[in-house]
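Geometric and topological summary
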Amino acid sequence: MNSQKFIELNRDTWTRFRGILDQIDKKGAASLSRQDMKDVGPLFRRITAHLAYAQANYPDTDMVSYLNHLVARAHSSLYRTETASVRSLLNFYCRGFPWLIYRYRKYVFTASLFLVLSVAWGAWLNHSGSSLAVLVLPDEIREAVNQNFAEGKTGSGIEDSLKPLFSSAILVNNITVSFYCLVLGITWGLGTVFILVRNGLLLGALADIFAGAQQGLEFWSLILPHGIPELFAVALNGAAGLMIAGALVRPGDFTRRDALKLKAIPAMKISMGSIPILVAAAAIEGFVTPLHIPPQAKLVFAVFTGVLLGYYVYSGSSKQRKGEDDIAGPVSL
Amino acid sequence: MQDLSLYSSEKIYYSYRLSGLGSRFIGLLLDTLILGVVYLVLGGFTAAMVGVFGDMLSETLIIVLVAVVLILYFLVSFGYFIFFETLWNGQTPGKRAAGLRVVRKTGEAVTFGNVLVRNLMRIVDALPAGNAAGMIAILFSENCQRVGDMAADTVVVREKNTDEPVLIESFSVDQEMAERLRPAIHLVDERDFNLIRDFFARMSGLRPEAADTVAEKIARGLAGKLGLAKGETINPVAFIKTVGALYREK
């Protein structure tokens with residue numbers, strides 16, 4: 001068959017298929033008519049056969065590049081493994097996310113360890129009056145805090161009208177810090193650990209100052225209600241950064257590049273999953289922390305958030321024990 | 001211009017045309033312009049609200065407004081690429097206008113995970129300034145990938161619509177010449193026919209003198225192939241038409 005006949009014979013098929021592809025691009029696959037939906041697979045296979053035939057019999061013609069274009073375009077619209085939808089998002093938060101945290105708990109523990117140790121270190125540095133304490137907590141902040149003590153203020157009184165602004169500013173800051181925590185994992189973890197330790201030191205030093213001023217209870221009641229979800233989210237992002245770092249430092253049987261690809265997606269998912277936790281933390285920090293209620297009530301609230309988060313992560317482990325491997329869906333590459 | 005050749009599950013080879021630095025720059029430029037307009041509208045809206053209704057609104061409301069705008073700004077700047085690349089199967093408005101699409105290196109559609117990874121990694125690609133890391137990576141990596149693409153295992157391909165293959169209409173044929181050529185027509189192959197078809201498809205766009213020169217060249221080659229005696233005078237265009245028509249009927 002010469003190419004003229006070949007084109008004449010099949011041109012309608014190609015035009016129709018191209019129309020279907022255009023429609024998928026513009027209005028989505030769901031808008032296809034029943035008949036089109038039924039035909040799209042067979043049409044695609046027929047066109048791949050045409051491409052193979054054209055490649056063999058009419059090489060280097062514009063028909064081959066036309067058919068190749070059709071096949072390539074269709075391939076990237078027809079072959080997909082996962083689509084994002086509200087349902088998959090719900091599924092992710094109900095099952096996939098806790099399961100991910102449980103699965104990569106070693107990293108979460110390590111990141112938390114960095115945080116906790118650096119809190120202790122910061123407190124100790126400040127307590128022992130080490131000259132390094134200046135690096136942890138600049139003198140200006142120290143003086144500002146001390147002056148507030150002298151005036152009898154402890155920072156619990158944010159003006160009511162400013163609360164929403166305060167809350168959203170904190171949120172933007174926290175999410176940015178978290179992203180850096182994650183992305184800096186690519187510096188073989190140095191950047192991630194730096195951010196974790198810096199935040200831990202700051203917290204530890206502040207806690208020691210407050211404890212020294214006999215304000216320990218007050219301080220923890222200010223920090224913990226939002227601090228527990230916030231620190232948890234930071235630890236998660238630290239874990240995600242460490243996962244990326246781990247892939248680079250110790251790729252195992254893979255090349256560094258392949259190990260990075262394997263770990264990057266679950267790491268990003270953990271990081272993205274932590275965003276609602278940060279949102280909650282910021283809301284608490286803006287609206288609950290500054291409330292004028294007894295510190296004990298705030299601590300009870302803090303314990304409550306802790307228990308809630310603990311249960312959430314625990315639910316991930318129980319899913320695994322039941323052997324529901326398929327909930328790993330969102331993790332699959 | 002670089003191609004990525006793939007072997008599909010239908011057992012055929014097909015290829016994507018990878019997009020280089022230039023076309024990706026155009027896509028990014030368009031997206032940046034769109035984002036800029038959104039920021040302007042957001043900022044302008046806030047300023048206008050505060051400016052016009054400032055007296056009527058309570059202070060709390062203004063602050064709430066600013067807080068909401070701050071969050072919106074953040075959502076837009078991080079979410080724009082993620083949102084569109086997920087919803088439009090690897091395209092953003094800028095990419096669509098520039099004829100680009102993000103696909104997985106295996107030729108499949110991108111997943112939400114891929115989109116997330118490649119767009120969060122923009123932070124790395126932007127290092128140290130002016131997207132330098134990303135540009136260097138695109139120039140020197142095997143498949144024109146930036147760092148985000150490597151981590152997400154995606155490539156950016158060009159998706160310019162190619163024209164449908166042309167058909168040549170039936171020609172009025174010089175019967176006498178046709179009878180003479182018919183026995184030798186099997187010597188003309190698909191490559192020659194493709195040349196003839198391309199010539200007639202483009203002839204209308206050529207200057208007449210140029211068209212004549214090209215026609216003469218093609219006719220000379222065909223005449224040699226068909227074994228016409230040298231020195232025979234023929235009208236090149238009519239000759240090519242005859243050969244084309246004969247091959248077409250074959």
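Everything that follows concerns the structure shown earlier in this document.
Residues numbered from 1 in each chain as written. Chains lettered and ligands numbered in written order. Predicted model: local features only at pLDDT ≥ 70, side-chain atom pairs only at ≥ 80, totals over all residues. Heavy atoms only, no water.

Here the focus is the interface of chain A and chain B. With 63 residues of chain A at the contact, the number on the chain B side is 62 residues. Taking both sides of the interface into account, the surface hidden between chain A and chain B amounts to around 5700 Å²; carbon and sulfur atoms contribute 61%. Taken together, the connections running from chain A to chain B amount to two salt bridges. Between the two partners, chain A and chain B, sit 15 residue pairs in polar contact (both at pLDDT 80 or more). Looking at the side of chain A that touches chain B, the elements with two or more residues in it are helix H1 (3-27), helix H2 (34-57), helix H3 (62-78), helix H8 (163-183) and helix H11 (256-273) of chain A. Split into classes, the residues belonging to the side of chain A that touches chain B amount to 32 nonpolar, 18 polar and 13 charged. (Contact = heavy atoms within 4.5 Å. Buried area = accessible area lost by both parts, 1.4 Å probe. Salt bridge = Lys/Arg side-chain N within 4 Å of Asp/Glu carboxyl O. Polar contact = N/O pair within 3.5 Å; in protein donor to acceptor, adjacent residues only side chain to side chain. Helix = DSSP H or I, 4+ residues; strand = E, 2+ residues; numbered from the N terminus. Nonpolar A, V, L, I, M, F, W, Y, C, P; charged D, E, K, R; others polar.)

Turning our eyes to something else, we now look at the pairing of strand E1 (residues 2-7) of chain B. All names here are of chain B. Bridge analysis of E1 against strand E2 (residues 13-18) gives six bridges, and the strand direction is antiparallel. Looking at the pairing, leucine 6 lines up with tyrosine 14 of E2. Between the end of E1 and the start of E2, which pair antiparallel, lie five residues, with lysine 11 showing a positive phi angle near 65°. (Pairing = 2+ DSSP bridges.)

Before going further, it helps to spend a moment on the nonpolar core. Within the largest apolar cluster, 57 residues are counted, with the highest numbers of intra-cluster contacts made by Leu182(A), Leu236(A) and Val117(B). The biggest single contributor to this core is helix H10 (residues 216-249) of chain A, with ten residues. In contact with Leu236(A), other than residues within four places in its own chain, are Phe97(A), Ile101(A), Val108(A), Ile270(A), Ser274(A) and Ile277(A). Counting 32 residues, the second-largest nonpolar core is a separate cluster that includes Trp14(A), Ile47(A), Ala74(A) and Val157(B). (Core = buried A, V, L, I, M, F, W, Y, C linked by side-chain atoms within 4.5 Å. Buried < 20%, exposed > 50% of the residue type's maximum accessible area, 1.4 Å probe, protein only.)

Moving on to helix H4 (residues 112-120) of chain B. By the criterion of burial, H4(B) is predominantly enclosed, with eight of the nine residues buried. Residues of H4(B) that are buried: Gly113(B), Asn114(B), Val115(B), Leu116(B), Val117(B), Arg118(B), Asn119(B) and Leu120(B).

With 33 residues, helix H1 (residues 21-53) of chain B extends 47 Å from end C-alpha to end C-alpha; this agrees with the ideal 48 Å at 1.5 Å per step. Buried within H1(B) we find Ser23(B), Arg24(B), Gly27(B), Asp31(B), Leu35(B), Leu42(B) and Thr46(B). (Expected span 1.5 Å × (residues − 1).)

Here we take up the packing of H2(A) against H3(A). Residue and element names in this part refer to chain A. Between H2 and H3, the shortest axis-to-axis distance is 9 Å and the interhelical angle comes to 145°. Two packed elements cross with a definite hand, and for H2 against H3 that hand is left-handed. Every residue of H3 that contacts H2 at Val40, Phe44, Ile47, Thr48, His50, Leu51, Ala54 and Gln55 is listed here: Val64, Leu67, Asn68, Val71, Ala74, His75 and Leu78. Grouping the amino acids of the contact of H2 with H3 by side-chain chemistry returns ten nonpolar, five polar and no charged. (Axes fitted to C-alpha atoms, helices over the stretch in contact; angles between N-to-C directions. Left-handed = near helix turned anticlockwise from the far one by under 90°.)

Turning to the side chain of Thr154(B), a few remarks are in order. Residues and elements named next belong to chain B. Looking at where threonine 154 falls in the secondary structure, it is placed in strand E4 (residues 154-158). Note on threonine 154: relative accessible area 0%, which makes it buried. A polar atom in the side chain of threonine 154 sits 3.5 Å from the side chain of arginine 118.

Another aspect to go through is the sheet that holds E2(B). Residue and element names in this part refer to chain B. Strands sit in the order E1-E2-E4-E3 across an open sheet of four strands; the sheet is antiparallel. Strand pairing shows two members of the sheet lacking a second neighbour, E1 and strand E3 (100-104), which therefore form its edges. Neighbour-to-neighbour, the strand axes of the sheet open up by a mean angle of 50°, direction not taken into account.

Residues and elements named next belong to chain B. Phi at lysine 11 is positive, roughly 65°, even though this residue is not glycine. One can find lysine 11 in the loop between E1 and E2. We classify lysine 11 as exposed; its relative accessible area is 58%. If you check the backbone angles, cysteine 144 has positive phi at about 55° while not being a glycine. By the secondary structure assignment, cysteine 144 is in the loop between helix H6 (132-140) and helix H7 (147-152). We classify cysteine 144 as buried; its relative accessible area is 11%.

To continue, consider the packing of aromatic side chains. Residues and elements named next belong to chain A. Under the counting rule described, the total for this entry stands at 19 aromatic pairs over all chains. Aromatic pair phenylalanine 6 and tyrosine 53: ring centres 5.1 Å apart, planes at 25°, arrangement stacked. Highlighted residues: phenylalanine 6 in helix H1 and tyrosine 53 in helix H2, separated in sequence by 47 residues. We classify tyrosine 53 as partly exposed; its relative accessible area is 32%. (Phe/Tyr/Trp six-rings, centres within 6.5 Å; stacked < 30°, edge-to-face > 60°.)

For any two helices packed against each other, one specifies the crossing angle of their axes together with the interaxial distance. It is at 9 Å that the axes of H11(A) and H4(B) come closest, and there the two elements cross at 80°. One element, H11(A), and the other, H4(B), form an angle in the roughly perpendicular class. Between H11(A), through Ala264(A), Ile265(A), Met268(A) and Met272(A), and H4(B), the contact on the second element is made entirely by Gly113(B), Asn114(B), Leu116(B), Val117(B) and Leu120(B). Its residues placed into classes, the contact of H11(A) with H4(B) shows seven nonpolar, two polar and no charged. (Parallel < 35°, antiparallel > 145°, perpendicular 65-115°, else oblique.)

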